[in-house]
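Structural overview for review
For reference, the chains in residue letters:
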Amino acid sequence: MYASHYHINTLKEAPAEAEVASHQLMTRAGMIRRVAGGIYTYMPLGLKVLRKIEHIVREEMDRAGALELLMPVVQPAELWQETGRWNEYGAELLRIKDRHQRDFVLQPTSEEVVTDIVRNEIQSWRQLPVNFYHIQTKFRDERRPRFGLMRGREFTMKDAYSFDRNEEEAQKSYDIMYAAYTRIFERLGLTFRAVAADTGSIGGSRSHEFQVIADTGEDEIVYNPDSDFAANIELATAPCLIAERAAPAAQLEKVATPDATKCEWVAEQLNRPLSDTVKAVVLATGPTDAHAHAQVWLLLVRGDHELNEVKVGKLPGFEAGYRLATEAEIQTHFGCIPGYLGPVELSDEVKIIADTTVANMSDFICGANEAGYHYVGVNWGRDLAEPTVADLRNVVAGDPDPQGVGQLAIQRGIEVGHVFFLGDTYSKKLQATYLDKDGKPQLIQMGCYGIGVSRIAAAAIEQNHDSKGIIWPKALAPFEVVICALNWSKSAEVQKAATDLYHQLKAQGVDVILDDRDVRPGVMFADWELIGVPVRVTVGDRGLKEGIIEIQQRRGGDTEKVTTASALAHIQQSLEHL
């Protein structure tokens, strides 16, 4: 490929709405162009990157025994109504009607369709196991699409779905996919972690996320540098930080704390550590109708900790959903405005749940249910009844590992893959069964496995860039090598040397582009540094007079001058070390 025949259209400035590096650099490098909010055209360079990702994904899925098919983007509402997700999925599910006023969706995922295929195609145990996958466009109607390909509305994903006779065999399929994902991300050249995760809206009972490590990641990953423990912060067990509750040493006292509606301000006014305070969060389960009865809950975490909403959603009484209590509900049960709420002298109508660490605190500080006042010297058993205890909080860096070895650390990551064991979550709702060896119908056990193809491209840039532009891992780069031919139109010697080297590299299977444009060297170099090609070869009259060309690595910028005769070997060696 010659650059003069390719579409190279770089920009000096990123669009104003581009907030993260991947969005800025993919736009500036001419890889994507915005069509609407969260919807992009993949330009030739960007599409080339996506195709390389797809190629690796396909190879590893085929190696793992999965079979490729292609399911539609537009799906009938009846399947989603059959599983209940037509109403449950929420506003991200884009519902549309055809000319006959029949309901359809633009698919955000394909559990319903693939399970429908299997219930019609699979009859006997002899046809199992089977794993179907596709690479397809998805659409999720994000409320606030942002960060380019990181959180767009239209995107490309690989979905795979395994179907097995029983749970034991389904878990083996899960492990096969887990191993395939590990190979995929290793081949892509990305630094990643596989972490235990919540199953979320997909459902199921076992789940791992594959997270590309990047400071700009939306997810927090909890891990132990000294072991193999890793989990999404939503799922990570937060240990109790107080081994045994101390005996009361202070009297209960109400103290004035004017304008102190946050634990930080209370601690500052009272000259006490933030860890001596208790934060109150009031939630409700049940109807929002003012005339109907809703259950009000008071959840307590230490002042320096944060409530984990995913953990709350799994507590008894919260499974059907919960919400923040209304101002009217708070006034009815606490007689006070938020900021001064606490567990002392509450009626039995409010159910109290304390985090494990809070349950072992003594002489702590909490709201007095009176504006401008807090209690100090509060103790369980003496000043208020023993609470229900649960793990309510997010892990923080320095917490002891729940497995008992070392301390936990936190880093940010970008979720690019997710594997789930679904069991019979969908096969039961859609009655996907097979006949076992005894001729009896049994529910098929399922797993599902997703990879965000377009998100991988963005995540790779978030992990690999500098002030000049993108630094692609070799496996993802739109081209592995660029030959920059200086003064192409004016020098027959440059043309010959660059063309000969180009054809030699092509013959060796190297993905190479020859830049034969009549632009200044500085402009040419800046373009390719922005685009992020791993190896740049410069061929110019000055060097050729000495019989040399220049090879530069995009990562690190290391440069070497080699003879024209040895250039091919040196370039191949450079690629091997990437």
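Residues numbered from 1 in each chain as written. Predicted model: local features only at pLDDT ≥ 70, side-chain atom pairs only at ≥ 80, totals over all residues. Heavy atoms only, no water.

What about the overall build of the chain?
As a reminder of what qualifies: Put simply, DSSP marks the helices as runs of H or I at least four residues long and the strands as runs of E at least two long, and each gets a number from the N terminus on. Any two residues whose heavy atoms approach within 4.5 Å are treated as being in contact. Only the protein chains shown count as cover for residues, with accessible areas throughout obtained via the Shrake-Rupley method and a probe of 1.4 Å.
A count of helices and strands for the chain gives 16 helices and 31 strands. Along the longest, intermediate and shortest principal axes, the C-alpha atoms of the chain span 95 × 70 × 50 Å. A separation threshold of at least 6 residues defines the contact pool for the chain, and within that pool the share at least 24 residues apart is 69%. A total of about 26200 Å² of accessible surface is found on the chain, and carbon and sulfur atoms cover 49% of it.

Quick notes on the environment of Ala-214
With respect to the helices, strands and loops of the structure, Ala-214 is situated in the loop between β10 (206-213) and β11 (219-223). Each C-alpha atom of the pair Ala-214 and Thr-191 lies 8.8 Å from the other, and the pair is 23 residues apart in sequence. Leaving out residues up to four positions away in the same chain, Ala-214 has contacts with Arg-412, Gly-413, Ile-414, Glu-462 and Gln-463.

Brief notes about the sheet that holds strand β5 (residues 94-97)
Paired through backbone hydrogen bonds, the strands of a sheet run either parallel or antiparallel to each other. Worth spelling out the cut-off: What makes two strands pair is DSSP finding at least two bridges between them. As a rule, the C-alpha atoms of each element are fitted with a line to give its axis, helices using only the stretch in contact, and angles between N-to-C directions run from 0 to 180 degrees.
Overall, antiparallel pairing links the 3 strands, which are arranged β4-β6-β5 in an open sheet. Among the strands making up the open sheet, the edge pair consists of β4 (74-76) and β5. The mean inter-strand angle of the sheet, taken between neighbouring strand axes irrespective of direction, is 40°. Pairing of β5 with strand β6 (residues 103-106), which is carried by 4 bridges, proceeds in the antiparallel orientation. By the bridge assignment, Arg-95 is partnered in β6 with Val-105.

Focus on the pairing of strand β15 (residues 295-302)
We apply this condition: The classification of residues rests on relative accessible area computed with a 1.4 Å probe and restricted to protein chains. Under 20% of the type maximum is buried, over 50% is exposed, and intermediate values are partly exposed.
Counting buried residues along β15, 8 of its 8 residues qualify, which places the element largely inside the surrounding structure. Side-chain alternation along β15 places Gln-295, Trp-297, Leu-299 and Val-301 on one buried face and Val-296, Leu-298, Leu-300 and Arg-302 on a second face that is also buried. Both strand β14 (residues 278-285) and β15 contribute to a ladder of 8 bridges, which runs antiparallel. Bridge pairing in β15 links Ala-280 to Leu-300. Two strands pair when backbone bridges link them, and β15 and strand β17 (residues 350-355) are joined in this way by 5 bridges, in the parallel orientation. Opposite Leu-299, over in β17, you have Ile-353 as the bridge partner.

Structural notes on the nonpolar core
Taken as a class, soluble globular proteins show a tendency for nonpolar side chains to be buried jointly. Here is the rule: Among the buried residues, those of types Ala, Val, Leu, Ile, Met, Phe, Trp, Tyr and Cys that are joined through side-chain atoms within 4.5 Å form a nonpolar core.
Core analysis: the largest hydrophobic core is formed by 65 residues, its most contacted members being Ile-53, Tyr-181, Phe-185, Leu-188, Trp-472 and Trp-528. With residues near it in sequence (within four places) discarded, Ile-53 still touches Leu-188, Val-453, Ile-456, Ala-457 and Leu-476.

Description of the pairing of β10
Of all 8 residues making up β10, 7 are buried, and the element is well covered by its neighbours. Note: strand β9 (residues 192-196) against β10, 5 bridges, orientation antiparallel. Bridging across to β10, Val-195 finds its partner in Glu-209. Two elements, β10 and strand β21 (residues 409-423), share 8 bridges in a ladder whose sense is antiparallel. Of the residues in β21, the one forming a bridge with Ile-213 is Gly-413.

A word on helix α7 (residues 263-270)
Our working rule: By arc we mean the arc of the directions from the helix axis to the C-beta atoms, nothing more.
Those residues of α7 that sit buried are Cys-263, Val-266 and Ala-267. Viewed along the axis of α7, the buried residues span an arc of 95°, placing them on a single side of the element. Against the buried residues of α7 lie β14, β18 (364-367) and β19 (373-378). Backbone geometry just after α7 places Asn-271 at a positive phi near 55°.

Overview of the side chain of Lys-311
Secondary-structure assignment places Lys-311 in helix α8 (residues 309-313). With a relative accessible area of 10%, Lys-311 lands in the buried category. Contact partners of Lys-311, with chain neighbours within four places excluded, come to Glu-234, Ala-236, Thr-237, Ala-238, Asp-391, Leu-392 and Arg-393.

A look at the sheet that holds β15
On the basis of which strands lie adjacent, the open sheet formed by 5 strands has the order β16-β14-β15-β17-β20 and mixed pairing. In this open sheet, the two strands that pair with only one neighbour each are β16 (323-324) and β20 (388-390). Pairing analysis gives 3 bridges linking β17 to β20, with the strands arranged parallel. Residue pairing across strands places Ile-353 opposite Thr-388, the latter belonging to β20. The strands touched by helix α9 (residues 327-334) are β14, β15, β16 and β17; relative to β15, the strand with the most contacts, the crossing angle is about 80°.

A few points about the side chain of Lys-279
Rules: Pairs of N or O atoms within 3.5 Å make up the polar contacts considered here, provided that, within protein, one atom can donate a hydrogen while the other can accept it, and that residues adjacent in sequence are counted only when both atoms are side-chain atoms.
Tracing the sequence through the fold places Lys-279 in strand β14. Residue classification places Lys-279 among the buried residues on the basis of a relative accessible area of 18%. Among the polar contacts listed, one links the side chain of Lys-279 to the backbone oxygen of His-305, at a separation of 2.8 Å. Here Glu-306 takes part through its side chain, which lies 3.2 Å from a polar atom of the side chain of Lys-279. Other than its neighbours up to four places away in sequence, Lys-279 contacts Cys-263, Leu-299, Leu-300, Val-301, Arg-302, Gly-303, His-305 and Glu-306.

Overview of the environment of Gly-339
With respect to the helices, strands and loops of the structure, Gly-339 is situated in the loop between α9 and β17. The class of Gly-339 is partly exposed, set by a relative accessible area of 25%. When the C-alpha positions of Gly-339 and Leu-11 are compared, they lie 49 Å apart, and in sequence the two are 328 residues distant. The residues touching Gly-339, leaving out its near neighbours within four places in the chain, are Ala-260, Thr-261 and His-374.

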